[in-house]
Amino acid sequence: MGLNATVLTIAVGGILVLAYIISLRFPQQYDVTKAKTNTLSQETQKLLHTLSDKKITVVATAFFPARSGEERQLKDLFMQLNRRSDFFHFEFVDPLTRPAVFRQMGMSDYGVIVSNGQPGTPEFRRKILYKSDLFQYDPATGEETFRGEQAVLNAVIAVALKKDSMICFIEGQGEFTITSTKSDGLSKLADVLESEAYSINVARLTGGKPMPADCKVAIMAGPQSTIVSADRDVLNAFLARGGGLLLLLHNGNVPGTGDLLSQWGLSLSDKVVIDKTRSVDPDGFLVRPMVYPHPVTETLSPEENTLKLLYPAPLTISPKPPKGIKATQLLSTSDKASECAVVDYQAYQQLECANDQNQFPLAAAVTGAQKQGRILLVGNSLFITNEFLRTSVVMEDNVETARVNASEDNAAFVLNSINWLAGEEDIITLRPKPLAGNELSDAYDYTRRMTVFKLFTFVIPLGILVFGGLVWHWRRSL
């Protein structure tokens, strides 16, 4: 009996040790929250898998007071990231007890530094996330929502995967400008690009001056004056060295547009289309296009996307493009769209529409031969302006008002386009989606809060005591 007890004790001890080792090597957790608050998004998991495959080490250094609520939330997140990848490391520094390190790292407020590479080397890159980037405060409700996963994911992409991604906005031909905050300006797009860790510059096509050497993607949004041959030569030279060009054109009525597009097997109509079957307005002016498979449209739902193009111009993809050129359709109308001639370009309401109904391509992606660059053409430039990239709800006289034009998918489409033009297709599938608030509010969910409080404070402990008493009584009766 003694030998048997000894063997069983050793066996049970060995099983416990083995189970502990397995739990360390293959940790598992189960998230029972309705909104999956404690589960990493698929985008984050893909990013961590990419870090492991490419053996890219990322270090996150957090500067928050010890035992604070912010430290606890970030530590939970970082531990999940670390469990998923051995190439994600983190450290917490208390600014109150180690102020010298806080100042030495160049921090001016609580936040996180995400870095890649050795400090002092040309390969070293870092991005600072301040508290306002990680915790979003809603002045209307007074609540603070944790946005750490999305912010950290963007930062990791910026320091580990994006290399010298300079975006140049072409100006000089009447294009929309990134400094304008008006409804037809591009200041909102500039903010979105900077939040995605892109550097932004302005390039002017004057006198045959070449594009900046560090420019990786050029954006020409809504030119209105003639694109002369010298401008086309600059753009062709930029594409020949492997650059990417995003062309957003009102229509093909701008002189020089045809010559620029024809060498890529494309042409753009000087008319616009309306599509009443795929529109958010009864007249069909605000077209919600169909999307086709391509890395640019990978994150967009074919049927439920919210892309919106106002008065788009149809384009044509040549059935016999120049040698080495490959064009792919990205967007189109339904097969019940009508092509309309614009009588008054200022008003756009004066249209003369054909009776025939057809399907019209609205966007195309083109790759050049050998190491030549890429072009993405959209027969619309209004869809990236401030009017279409603002949030879908605004406050007017303290009343929430939906904006018909606004769309999150417009921003997603243009960001995917830029990543594809820059040759960074992997980043398209890694972009985090905005997280919805999932905490219970005191006003609306008071009953649920009290139910949870009573369950864990009274019901479960009382149940354990009753069960223990029943077991004790049963053993005494043996």
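Residues numbered from 1 in each chain as written. Predicted model: local features only at pLDDT ≥ 70, side-chain atom pairs only at ≥ 80, totals over all residues. Heavy atoms only, no water.

(A) Focus on the overall build of the protein chain. A tally of regular secondary structure across the protein chain gives 13 helices and 23 strands. Taking as baseline every contact in the protein chain between residues at least 6 positions apart, the subset at least 24 positions apart corresponds to 69%. Of the roughly 26,200 Å² of accessible surface on the protein chain, 55% is carried by carbon and sulfur atoms. (Helix = DSSP H or I, 4+ residues; strand = E, 2+ residues; numbered from the N terminus. Contact = heavy atoms within 4.5 Å. Areas by Shrake-Rupley, 256 points an atom, 1.4 Å probe, with all protein chains shown as cover.)

(B) Broad picture of the environment of Ala155. Topologically, Ala155 is positioned in helix H6 (residues 148–160). Separated by 27 residues in the primary sequence, Ala155 and Ile128 place their C-alpha atoms 8.0 Å from one another.

(C) Examining the state of the cysteines more closely. If you walk through the whole model with that rule in mind, you get one disulfide. The residue that forms a disulfide with Cys340 is Cys353, at a sulfur-sulfur distance of 2.0 Å. The sign of the S-S torsion, about 100°, decides the handedness of the disulfide formed by Cys340 and Cys353: right-handed. Placement of Cys340 in strand S18 (residues 338–342) and of Cys353 in strand S19 (residues 351–353) is noted, with a sequence separation of 13 residues between them. With a relative accessible area of 35%, Cys353 lands in the partly exposed category. (Disulfide = S-S within 2.5 Å. Buried < 20%, exposed > 50% of the residue type's maximum accessible area, 1.4 Å probe, protein only.)

(D) Representation of the packing of helix H3 (residues 69–84) against H6 within the structure. Taken N-terminus to C-terminus, the directions of H3 and H6 make an angle of 50°; their axes are 10 Å apart at the nearest point. As far as their axial angle goes, H6 and H3 are oblique. Crossing hand, H3 versus H6: right-handed. On H6, the residues that touch Leu77, Phe78 and Leu81 of H3 are Gly148, Glu149 and Val152. Taken together, the residues that form the contact of H3 with H6 break down as four nonpolar, one polar and one charged. (Axes fitted to C-alpha atoms, helices over the stretch in contact; angles between N-to-C directions. Parallel < 35°, antiparallel > 145°, perpendicular 65-115°, else oblique. Left-handed = near helix turned anticlockwise from the far one by under 90°. Nonpolar A, V, L, I, M, F, W, Y, C, P; charged D, E, K, R; others polar.)

(E) Empty space enclosed by the protein, seen in detail. Evaluated as defined, the whole model comprises one cavity of 30 Å³ or more. When residues of the lining of the largest cavity are traced back to their parent elements, those giving at least two are helix H2 (42–54) and H6. No other element matches H6, which puts four residues into the lining of the largest cavity. Within the lining of the largest cavity, the residues separate by chemical class into seven nonpolar, one polar and one charged. (1 Å grid on protein atoms, 1.4 Å probe; cavity = no way out; pocket = protein on both sides within 12 Å on 5 of 7 lines; lining within 4 Å. Points joined across faces, edges and corners; volume = space filled by probe spheres on them.)

(F) Molecular detail of the side chain of Glu175. Along the chain, Glu175 turns up in the loop between strand S7 (166–171) and helix H7 (187–195). Buried and unpaired, Glu175 has no salt bridge, with Arg204 as the nearest side chain of opposite charge at 6.9 Å. Among the polar contacts listed, one links the side chain of Glu175 to the backbone nitrogen of Gly172, at a separation of 3.1 Å. At 2.8 Å, the side chain of Glu175 and the backbone nitrogen of Gln173 are in polar contact. (Lys, Arg positive; Asp, Glu negative; His and termini not counted. Salt bridge = Lys/Arg side-chain N within 4 Å of Asp/Glu carboxyl O. Polar contact = N/O pair within 3.5 Å; in protein donor to acceptor, adjacent residues only side chain to side chain.)

(G) A look at the environment of Phe102. Note that Phe102 resides in helix H4 (residues 99–104). Sequence separation between Phe102 and Phe63 is 39 residues, and the spatial gap between their C-alpha atoms is 7.2 Å. Those residues in contact with Phe102 that lie beyond four places of it in its chain are Phe63, Pro95, Met107, Ser108, Asp109 and Tyr110.

(H) Region of interest: H7. Within the span of H7, buried status applies to Ser187, Leu189, Ala190, Val192 and Leu193. Those residues of H7 hidden inside the fold are in contact with S7, strand S8 (199–204), helix H10 (386–389) and helix H11 (408–421).

(I) Fine view of the sheet that holds S19. An order of S12-S18-S19 is seen for the three strands of this open sheet, with the pairing classed as antiparallel. Bordering the open sheet on either side are strand S12 (272–274) and S19, each of which pairs with just one other strand. Here the strands of the sheet are splayed against their neighbours by 40° on average, with no regard to which way each runs. Alignment of S18 against S19, held across three bridges, turns out to be antiparallel. Across the sheet, Ala341 pairs through a bridge with Glu352, a residue of S19. (Pairing = 2+ DSSP bridges.)

(J) Spatial organisation of unusual backbone geometry. A positive phi is found at Lys55, a non-glycine position, where the angle reads about 55°. One non-glycine residue, Tyr311, lies in the positive phi region at around 50°. In this fold, Tyr311 is placed in the loop between strand S15 (309–310) and strand S16 (315–317).

(K) Region of the structure containing a nonpolar patch on the surface. A contiguous nonpolar surface patch, about 780 Å² in accessible area, is contributed by Val452, Phe453, Leu455, Phe456, Phe458, Val459, Ile460 and Ile464. Position of Phe456 relative to the elements: it lies in helix H13 (residues 446–476). (Patch = residues over 30% accessible without salt bridge, like charges linked within 9 Å, V, L, I, M, F, W, Y side chains within 5 Å.)

(L) How the structure looks around the confidence of the model for the protein chain. Mean pLDDT over the protein chain works out to 84, with 88% of the residues at or above the 70 mark. Low pLDDT (under 50) marks residues 391–403, which in the prediction has 16 contacts with non-local residues, meaning those over four places away or in another chain. Every residue in residues 435–444 scores below 50 in pLDDT, and together they form 15 contacts with partners more than four places removed in sequence or on other chains. (pLDDT = per-residue confidence, 0-100.)

(M) Quick look at the pairing of strand S21 (residues 374–378). Buried residues dominate S21, accounting for four of its five residues. Of the strand pairs in this sheet, strand S10 (residues 244–248) and S21 are connected by five bridges, and their pairing is parallel. Considered in S21, the bridge of Leu247 is made with Leu377. Strand direction decides the pairing type here: strand S20 (residues 361–367) and S21, joined by five bridges, are antiparallel. Bridge pairing in S21 places Thr367 opposite Arg374.

(N) Quick peek at the packing of aromatic side chains. If you walk through the whole model with that rule in mind, you get eleven aromatic pairs. Look at Phe64 and Tyr110: their rings are 5.9 Å apart centre to centre, the planes differ by 45°, and that puts the pair in the tilted class. Of the two residues, Phe64 is situated in the loop between strand S1 (58–63) and H3 and Tyr110 in the loop between H4 and strand S3 (111–116); the sequence distance between them amounts to 46 residues. Using a relative accessible area of 26% as the deciding quantity, one classes Tyr110 as partly exposed. Aromatic ring contacts, followed pair by pair, group Phe64, Tyr110, Phe135 and Phe146 into a single cluster. (Phe/Tyr/Trp six-rings, centres within 6.5 Å; stacked < 30°, edge-to-face > 60°.)

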